[in-house]
Protein chains: 2
Amino acid sequence: MATLKDVAALAGVSTATVSLALNGGPVNAKTRQLVLKAAKQLHYVPNRIGQMLTTGRSNMIGLIILTGSEFPDIVRKTSLFYYLMEGVLAVADKEGFGVSFAVKSHDDPLLPQYFAEIIGSGTIDGIAVIPQFAREYRFTNLLQEANYPYVLLRPSRFGIDANHVDMGNFEGGKMVAELLVDSGARRIGIINGPSSHVDAIERERGFGEALLDRGGMIVARQYGEFTIESGHAAMRKIAERGLPEAVFCGNDYMAAGALRFLRSIGANCPKDIAIVGYDNNDVAIATDPQLTTVDNRFFDLGYIMADEVIGLIRGNTSHVARVVLPEMKLRESHLFGRSSANAQPTSASA
Amino acid sequence: MATLKDVAALAGVSTATVSLALNGGPVNAKTRQLVLKAAKQLHYVPNRIGQMLTTGRSNMIGLIILTGSEFPDIVRKTSLFYYLMEGVLAVADKEGFGVSFAVKSHDDPLLPQYFAEIIGSGTIDGIAVIPQFAREYRFTNLLQEANYPYVLLRPSRFGIDANHVDMGNFEGGKMVAELLVDSGARRIGIINGPSSHVDAIERERGFGEALLDRGGMIVARQYGEFTIESGHAAMRKIAERGLPEAVFCGNDYMAAGALRFLRSIGANCPKDIAIVGYDNNDVAIATDPQLTTVDNRFFDLGYIMADEVIGLIRGNTSHVARVVLPEMKLRESHLFGRSSANAQPTSASA
DNA sequence: TTGAAAGCGCTAACAG
DNA sequence: CTGTTAGCGCTTTCAA
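Residues numbered from 1 in each chain as written. Chains lettered and ligands numbered in written order. Predicted model: local features only at pLDDT ≥ 70, side-chain atom pairs only at ≥ 80, totals over all residues. Heavy atoms only, no water.

Colleague: Can you lay out the overall build of chain A for me, pointing to particular residues and giving the numbers?
Modeller: Looking only at helices and strands, one finds 14 helices and 12 strands in chain A. With the principal axes as the frame, chain A shows a C-alpha extent of 85 × 45 × 30 Å. At a minimum sequence separation of 6, the contacts of chain A that also span at least 24 residues come to 74%. Here chain A has roughly 13900 Å² of accessible surface; of this, 51% comes from carbon and sulfur atoms. In chain A, which carries 34 positive and 37 negative side-chain charges, the distance between the mean positions of the two groups comes to 5 Å. (Helix = DSSP H or I, 4+ residues; strand = E, 2+ residues; numbered from the N terminus. Contact = heavy atoms within 4.5 Å. Areas by Shrake-Rupley, 256 points an atom, 1.4 Å probe, with all protein chains shown as cover. Lys, Arg positive; Asp, Glu negative; His and termini not counted. Charge placed at Lys NZ, Arg CZ, Asp CG, Glu CD.)

Quick look at the structure:
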């Protein structure tokens, strides 16, 4: 590989001049041409390690997803994170950053160590972290104390001190309650995910509060594990005491399971009972009827997180606290009382 | 941040000794203790940039996904790539590598430039590349000539010269044909994806050959765009001339669309017609009946690609040519002639 | 077993 | 506008 020195030698100038010429510094136009020609001739590509060492910057941001071993099936859900990654990538590309990606277990005792290495190693200028469980993490202190650029994906109410982007699970739950009440349902059930999952907690809280406000009531409550089978089983349990007018499911998998159970007993959704899911996962367009659900806007979330991390790196910002509100994805399954099975499918695009 | 020098000063030894002590070199046990203590006291973390510069290695591998603008909906499918990433990550973690991730458009004219920079910049020791379209790419020559460690995900028959891992789409198509014939179907249709998509081509080729061998025949052929709607439309077209006994769909989205159309005309799958999808996407477990489909083993694919890239980096290998055979995922939709709708859902796990 | 010193490739301060 | 020089943090000869 050709180095700066080689280019300098060929062009007959100093390395400093080459650096200047290549980076738009104040150089005579003729000299620049000379340098450019030499660089091209040698297929010169700047060694970024050298640049990093002198500038102290790597132009890399990290995306770190924290996963757990308690609920392996949740992992499947995380293919949604791909969209988050694409959002991160979109900003990174635009701003000239690379993206380093890692998945760590949130119960790994070496986690603080891992973050300490990120802070000290110099290979990553800042990070976006996606914790999935509602615990206090020691590493946030590390990051904070080191004044290291980071942004967490987590609810605002979990302490406003840490840099965070809130994905609006509370608001999402609220939107579902409002939609269902507006659709004419009053006696409503909920099938939620594990209560240790931070998203599940927030969704239920928002749902419950808004339902109360609007004059609806929760007449059944079950907890599943974010899987189709657990949604199926939960719906069966609920049905034992008679069908409510609507059921809010904590994610689309469980909603698909509920739908399947309903069909098996000959109940029609949404005519007899409305169902709403959460996440706008692929399953939501594959069921019949297609699921009305809440889109987390993962792409936007990734985009905004990365954008804020870069802002922090560049010193344009010093603190991050934002909310990205989810969006209702209206399809058919929420239309309580109306028969609309076998309608034309809506588009698969996000 | 504390540097080697700081540790050396505190321990009262030279930087060389510190380096040796920290990296398991030949150092007096007492001295090592001294150094370790000093390092801990200063919360010393080695600056990896410095290490990279001297060793010439970054201990980073890259995962590069090539995407296109022709079929935006295909992008949605790519959330499957998340599993591939997890496979890559699993190896990287195990071998002490970091992972850098990028998505590039395969029609970007700057693509060769991008690869040239990867080769020259020194930040990535090797790459796994996922092209999605059947073209000849100029960058492979670049990589080859530079003797840069790389592995492509692509069919073996596209030239055995390049390092590649074959995801076995040909074999997958074959497996589907065999399964359908074994299930009792003979007059079979196919709904495939765009013919420019490399996976689609291979699947159809394997399917067609095996079907011929087994005495089945293709009685209908439609092309969709890997979406639910296009699968729905394609099935409608096929139904106009009478239902075949089975239809192989090039991916699960189109299979879900086909299923939906069948239900709308009162046809029962799999009693009246068998359907098989491809990919083992989330949609495959959300439909009713659940889809029999082919699992690409993306995790394993990622795992093997990363493993091979690292082998190349370390000089343990000099050429890569492997096939990872897909796996049939038997559910209900292929059981031609048998009525099994509304069975218990099978597990959501992969 | 330890230390001194060179050098990886680059940028930036400074002098000219 | 251009060249000289120092130095980023580390590993690695080479000597002692």
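Colleague: Which residues make up the protein's contact with DNA strand C, and what values go with them?
Modeller: Neighbouring DNA strand C are 23 residues; Leu4, Tyr44 and Thr54 of chain A together with Thr17 and Thr31 of chain B lie closest to it. For DNA strand C, the fraction of protein-proximal atoms (within 4 Å) that sit in sugar or phosphate groups is 71%. Contact distances for DNA strand C include 3.2 Å between a sugar or linking oxygen and a side-chain N or O atom of Thr54 of chain A. Between DNA strand C and Ser14 of chain B, the relevant distance is 2.9 Å, taken from a phosphate oxygen to a main-chain nitrogen or oxygen of the residue. Taken together, the elements giving at least two residues each to the surface near DNA strand C come down to α2 (15–22) and α4 (48–55) of chain A together with α2 (15–22) and α4 (48–55) of chain B. In terms of residues, the surface near DNA strand C owes the most to one element, α4 of chain A, which gives five residues. Counted by class, the surface near DNA strand C contains 10 nonpolar, 13 polar and no charged residues. (Near = heavy atom within 4 Å. Polar contact = N/O pair within 3.5 Å; in protein donor to acceptor, adjacent residues only side chain to side chain. Nonpolar A, V, L, I, M, F, W, Y, C, P; charged D, E, K, R; others polar.)

Colleague: Requested: an account of the domain arrangement of chain A, with residues and values cited.
Modeller: Residues and elements named next belong to chain A. What the domain assignment reports for chain A is domain 1 (4–55), domain 2 (60–168 + 298–327) and domain 3 (169–295). Put simply, the middle of domain 2 and the middle of domain 3, counted by C-alpha atoms, are 29 Å apart. Contacts between domain 2 and domain 3 engage 19 residues on the former and 25 residues on the latter. Here domain 2 is connected to domain 3 by zero salt bridges. At the junction of domain 2 with domain 3, the criterion picks out five residue pairs in polar contact (both at pLDDT 80 or more). Sorting elements by how many residues they give to the side of domain 2 that touches domain 3 places helix α5 (residues 72–77) first, with four residues. A class-by-class count of the residues in the side of domain 2 that touches domain 3 yields 11 nonpolar, two polar and six charged. (Domains from an automatic or database assignment. Salt bridge = Lys/Arg side-chain N within 4 Å of Asp/Glu carboxyl O.)

Colleague: Outline the pairing of strand β6 (residues 187–192) of chain B, listing residues and values.
Modeller: All names here are of chain B. For β6, the buried fraction is high: five of the six residues fall into the buried class. Here six bridges tie β6 to strand β7 (residues 217–223), and the two strands are oriented parallel to one another. When the sheet's bridge partners are listed, Gly189 is paired in β7 with Ala220. In this fold, the crossover linking β6 to β7 by way of helix α10 (residues 198–214) has right-handed handedness. Of the strand pairs in this sheet, β6 and strand β8 (residues 246–249) are connected by four bridges, and their pairing is parallel. Paired with Ile188 across the two strands is Ala246, which belongs to β8. (Buried < 20%, exposed > 50% of the residue type's maximum accessible area, 1.4 Å probe, protein only. Pairing = 2+ DSSP bridges. Right-handed = clockwise from strand over helix to strand, strands pointing away.)

Colleague: Explain the sheet that holds strand β7 (residues 217–223) of chain A residue by residue, including any values.
Modeller: All names here are of chain A. Here we have four strands laid out as an open sheet, ordered β7-β6-β8-β9, and parallel in their pairing. Since the sheet does not close on itself, it has two edges, and those belong to β7 and β9 (274–276), each with one partner. Going across the sheet, the axis of each strand differs from the next one's by a mean of 20°, ignoring polarity. Sheet analysis places strand β8 (residues 246–249) next to β9, joined by three bridges and oriented parallel. Bridge pairing in β9 links Val247 to Ile275. Running at roughly 170° to strand β6 (residues 187–192), helix α10 (residues 198–214) makes contact with β6, β7 and β8 of the sheet. Relative to the sheet, helix α12 (residues 252–264) contacts β6, β8 and β9, its axis offset from that of β9 by approximately 160°. (Axes fitted to C-alpha atoms, helices over the stretch in contact; angles between N-to-C directions.)

Colleague: How would you summarise the state of the cysteines if you had to cite specific residues and measurements?
Modeller: Summed over the entire model, instances satisfying the criterion amount to zero disulfides over all chains. Cys249 of chain A provides the cysteine sulfur closest to Cys269 of chain A, a residue in no disulfide bond, and the two sulfurs are 9.4 Å apart. (Disulfide = S-S within 2.5 Å.)

Colleague: Can you break down the packing of helix α1 (residues 4–11) of chain A against helix α3 (residues 29–41) of chain A residue by residue, with the values?
Modeller: Residues and elements named next belong to chain A. The interhelical angle for the contact between α1 and α3, taken along N-to-C directions, is 125°, at an axis separation of 9 Å. Overall, the two elements α1 and α3 adopt an arrangement that is oblique. Classified by chirality, the crossing of α3 by α1 is right-handed. Taken together, the residues of α3 that come into contact with α1 (itself represented by Val7, Leu10 and Ala11) are Leu34, Val35, Ala38, Ala39 and Gln41. Residue composition of the contact of α1 with α3, grouped by class: seven nonpolar, one polar and no charged. (Parallel < 35°, antiparallel > 145°, perpendicular 65-115°, else oblique. Left-handed = near helix turned anticlockwise from the far one by under 90°.)

Colleague: I'd like a description of the sheet that holds strand β5 (residues 164–166) of chain A, backed by residues and values.
Modeller: With mixed pairing, 12 strands are arranged side by side in an open sheet as β11(A)-β5(A)-β4(A)-β3(A)-β1(A)-β2(A)-β2(B)-β1(B)-β3(B)-β4(B)-β5(B)-β11(B). Unpaired on one side and paired on the other, β11 (321–323) of chain A together with β11 (321–323) of chain B mark the two borders of the sheet. Strand after strand, the sheet turns through a mean of 20° between neighbouring axes, direction not considered. Where strand β1 (residues 60–67) of chain B meets strand β2 (residues 98–105) of chain B, eight bridges bridge the pair, whose relative direction is parallel. In the strand pairing of β2 of chain B, Leu63 of chain B is matched with Phe101 of chain B.

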